[in-house]
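As a plain string of letters, each chain reads:
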Amino acid sequence: GYGALREDVVHEVLDDDRSVASWAFLLFANGVHVDDLELPVLGLGRERGDVGPPTIEGRLPATGDEIAVGAGTLRRLGKEVGDTVRMGDGPGAADLRVVGSVVLPAVGQVNSDHTALGRGALVTMGALEAIESPDAGCGESDEAVCPVAIALRMAPGGDGDAVAARITAAAPDGTPEGTLPKPVQLAAEIRNAEEMGGLPV
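What this report covers is the structure whose coordinates are included nearby. These figures come from a predicted structure and were not determined experimentally.

Observations concerning the environment of Gly-118
- Considering the arrangement of structural elements, one finds Gly-118 in the loop between strand 6 (94–102) and strand 7 (121–124).
- Overall, Gly-118 belongs to the partly exposed group, its relative accessible area being 22%.
- Between the alpha carbons of Gly-118 and Ser-101 there is a distance of 8.7 Å; along the sequence they are 17 residues apart.
- The contacts of Gly-118, once residues within four sequence positions are left out, are Gly-70, Ala-71, Gly-72 and Thr-73.

Structure follows, in structure tokens:
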């Protein structure tokens, strides 16, 4: 959806729920300058455990001066893991070290640009907030980036549908039925491949 999630409401639902092995907040930003490209970027705010998209090489960002980049985007930038890129074009712009090549899901705000299999970038939630809205916290400005999604990884035997129902019932975006559960999010290219009836040997 579009509404910012109240972090305290989400914590009330998930902090004591041991059926959730790991979870994180997600932020979305579109048209973010990374060197000379405009990209969709995910901000990942891990709250418990290790959750996030898989890496091809290296690892996911752990600090505010690190970035992971989709493989196709990394080629377009002419960079490799270990190199440095400049992210942002305002007062919060920063040099970030590329720590991983990452496989990104097709997630983002409705009717807007979003990450894809090898396209886009991922930083920590704090880095995205500092670079894209350094002068305004969530809720202080329409320009501020805010958590708008939650990524969950269930513990063995955990009921993901039940946890999602508890989150949506708490209306963490402040709107009844404004927060919706989504199934496992795969890249569009993988979904397209799954729909093919057959492939030549």
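From this point, the discussion proceeds with the structure in view.
Observations concerning unusual backbone geometry
- In this structure, Ala-171 is a non-glycine residue whose phi angle is positive, near 45°.
- In this structure, Ala-171 sits in the loop between helix 4 (160–169) and helix 5 (188–194).
- Ala-171 sits in the partly exposed class, given a relative accessible area of 22%.
- In this structure, Glu-177 is a non-glycine residue whose phi angle is positive, near 60°.

Quick word on the pattern of salt bridges
- Tallied over the entire structure, the rule returns 7 salt bridges.
- We note a salt bridge from Glu-66 to Arg-59, for which the minimum N-O separation is 2.7 Å.
- Since its relative accessible area comes to 35%, Arg-59 is described here as partly exposed.
- Residue Arg-86 pairs with Asp-95 through a salt bridge whose shortest N-O separation is 3.4 Å.
- Using a relative accessible area of 40% as the deciding quantity, one classes Arg-86 as partly exposed.
- Three or more residues are tied together by salt bridges with common partners; here these are Arg-59, Glu-66 and Arg-97.

Calculation criteria
- Residues numbered from 1 in each chain as written.
- Predicted model: local features only at pLDDT ≥ 70, side-chain atom pairs only at ≥ 80, totals over all residues.
- Heavy atoms only, no water.
- Helix = DSSP H or I, 4+ residues; strand = E, 2+ residues; numbered from the N terminus.
- Buried < 20%, exposed > 50% of the residue type's maximum accessible area, 1.4 Å probe, protein only.
- Contact = heavy atoms within 4.5 Å.
- Salt bridge = Lys/Arg side-chain N within 4 Å of Asp/Glu carboxyl O.

The analysis is restricted to geometry; functional conclusions fall outside its scope.
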